[in-house]
Amino acid sequence: MSLRPGRSATRVAPVESAVAFTRADSLRRVALAYVVAIGGGAMWLLVGPDSGHRWLDALYADLIATGVVFVVSRTYGNSSFYDAYWSVVPPLVFLYWWGFGPLGIDDARSWLVIVVMGLWSVRLTLNWARSWPGLHHEDWRYEQLRSRAGRAGIVVDLVAIHVVPTLQVFLATVPLYLATRRDARPLGPLDVVAVVVGLGSVLLEATADRQMRRFARDRRPGEAMDRGLWSWSRHPNYLGEFGFWVAMGLFGFAAAPAHVWWVFAGALAMLAMFEAASIPMMEARSLERRPDYQQVVERVSRFWPRPPRRTA
């Protein structure tokens, strides 16, 4: 389970040497880890055995890169090394499918996909870089998951915090593979819908994050956010993320309508993760730490937006 995207949720990391790292040092180490990880995945694609399926080769490379990030996370005792991986890798996977596929650089649908996905990726990654304090902090949920697992903590770290999110994001990205095949349908109205939903979702996430930052600067101790978008949904950032992956499924549906039975499976997996894991953990912590949050729960929708209820 990954916290991406989400509100800032950190704890002091256990590695004593991490306190010597400045925020800039921390970001450089994450960037270097990603260069090595992505390089390892690319090397597999270049010299590894060919499965005969570009989507499967990309999955193997993705898992190899995830393994590298996991090793670095364990080395530094901080699994927040993985957080930005969520938004960095999907555009690279799509570019591999497009660049090594049968369609040329003039393919209009692929350009639409990379523009929408690129905007999502850059915005979400920059938002993470802006909010992450550095290697002396780690998301509290990672520590909670590991501590609950006891001796199996390293397995939980590998599977739940690194591998499962990679598989979820890959599943949500796979519909775009259909857009890079020679038998993809021509550009049509459904692609326009996908662009509108995708850009609207990116805007929703960006607005929600901006409103939360403004609130966090001035909030009173224990005060809970219930303004702007956050007055219509207690988790508008998760709503925007779900909408973005629905848009990726729409691109796949537009390219190959016969595959409609599975192209939205990744988006639904995202929704299930938010509803069953990420949101409940955030809700429990907010109720514990913010006395006003129970009033927000009574007034504001949990996920799907609606006008706030009036309370007596």
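The structure presented is a predicted model; accordingly, all values stated were derived computationally and were not measured. (Residues numbered from 1 in each chain as written. Predicted model: local features only at pLDDT ≥ 70, side-chain atom pairs only at ≥ 80, totals over all residues. Heavy atoms only, no water.)

Chemist: An account of the overall build of the protein is needed here, citing residue identities and associated values.
Modeler: Scanning the protein from terminus to terminus reveals 11 helices and two strands. Written out in order from the N terminus, the α and β elements of the protein read β-α-α-α-α-β-α-α-α-α-α-α-α. By the compact-globule yardstick of 20 Å for 312 residues, the protein fits well, its C-alpha radius of gyration being 20 Å. C-alpha atoms of the protein, sized along the principal axes, occupy 60 × 50 × 35 Å. Scored against the burial criterion, the 312 residues of the protein give a buried share of 50%. Sequence-distant contacts, at least 24 apart, represent 81% of the contacts inside the protein between residues at least 6 apart. When the accessible surface of the protein is split by element, carbon and sulfur atoms take 65% of a total near 14,300 Å². Taking the 34 positively charged and 25 negatively charged side chains of the protein as two groups, their mean positions are separated by 5 Å. (Helix = DSSP H or I, 4+ residues; strand = E, 2+ residues; numbered from the N terminus. Rg over C-alpha atoms; globule rule 2.2 N^0.38 Å. Buried < 20%, exposed > 50% of the residue type's maximum accessible area, 1.4 Å probe, protein only. Contact = heavy atoms within 4.5 Å. Areas by Shrake-Rupley, 256 points an atom, 1.4 Å probe, with all protein chains shown as cover. Lys, Arg positive; Asp, Glu negative; His and termini not counted. Charge placed at Lys NZ, Arg CZ, Asp CG, Glu CD.)

Chemist: Residue-level account of empty space enclosed by the protein, with values.
Modeler: In total, this model carries two cavities of 30 Å³ or more according to the counting rule given. For the second largest cavity, the calculated volume is near 70 Å³. Forming the walls of the second largest cavity are Asp62, Tyr82, Tyr85, Trp86, Val89, Pro90, Val93, Pro165, Thr166, Val169, Phe170 and Thr173. Its residues placed into classes, the lining of the second largest cavity shows nine nonpolar, two polar and one charged. (1 Å grid on protein atoms, 1.4 Å probe; cavity = no way out; pocket = protein on both sides within 12 Å on 5 of 7 lines; lining within 4 Å. Points joined across faces, edges and corners; volume = space filled by probe spheres on them. Nonpolar A, V, L, I, M, F, W, Y, C, P; charged D, E, K, R; others polar.)

Chemist: Residues and numbers for a positive patch on the surface, please.
Modeler: Positive charge collects at one region of the surface, where Arg130, Arg210, Arg214 and Arg217 lie side by side. Considering every element that reaches the positive patch, the biggest residue donor is helix 8 (residues 189–218), with three residues. Its location among the elements puts Arg210 in helix 8. (Patch = residues over 30% accessible without salt bridge, like charges linked within 9 Å, V, L, I, M, F, W, Y side chains within 5 Å. Salt bridge = Lys/Arg side-chain N within 4 Å of Asp/Glu carboxyl O.)

Chemist: Pulling in residues and values, what's your account of helix 2 (residues 54–76)?
Modeler: Compared with the 33 Å implied by 1.5 Å per residue over 23 residues, the 33 Å span of helix 2 between its first and last C-alpha is a close match. One or two residues past the end of helix 2 sits Gly77, with phi positive at roughly 65°. (Expected span 1.5 Å × (residues − 1).)

Chemist: Describe a nonpolar patch on the surface, with residues and values.
Modeler: A grouping of Ile105, Trp111, Val115, Leu119 and Leu199 is seen on the molecular surface, where their side chains present a nonpolar patch of about 490 Å² in accessible area. By residue number, the principal contributor to the nonpolar patch is helix 4 (residues 108–131), which donates three residues. Here Ile105 lies in the loop between helix 3 (85–99) and helix 4.

Chemist: Please provide a residue-by-residue account of the layout of surface pockets, values included.
Modeler: Space inside the second largest pocket adds up to approximately 300 Å³. If you go around the second largest pocket, you meet 16 residues; those closest to its centre are Ile38, Gly41, Ala42, Leu45 and Ala61. At the level of secondary structure, the elements contributing two or more residues to the lining of the second largest pocket comprise helix 1 (23–47), helix 2 and helix 3. No other element matches helix 1, which puts six residues into the lining of the second largest pocket.

Chemist: Lay out the packing of helix 1 against helix 4 with the relevant residues and their values.
Modeler: Viewed as axis vectors pointing N to C, helix 1 and helix 4 meet at an angle of 140°, and their least axial separation amounts to 10 Å. Comparing the axis directions of helix 1 and helix 4 gives the class oblique. Between helix 1 and helix 4, the residues in contact are Arg23, Leu27 and Val30 and Trp128, Ala129, Arg130 and Ser131, respectively. Classifying every residue of the contact of helix 1 with helix 4 gives four nonpolar, one polar and two charged. (Axes fitted to C-alpha atoms, helices over the stretch in contact; angles between N-to-C directions. Parallel < 35°, antiparallel > 145°, perpendicular 65-115°, else oblique.)

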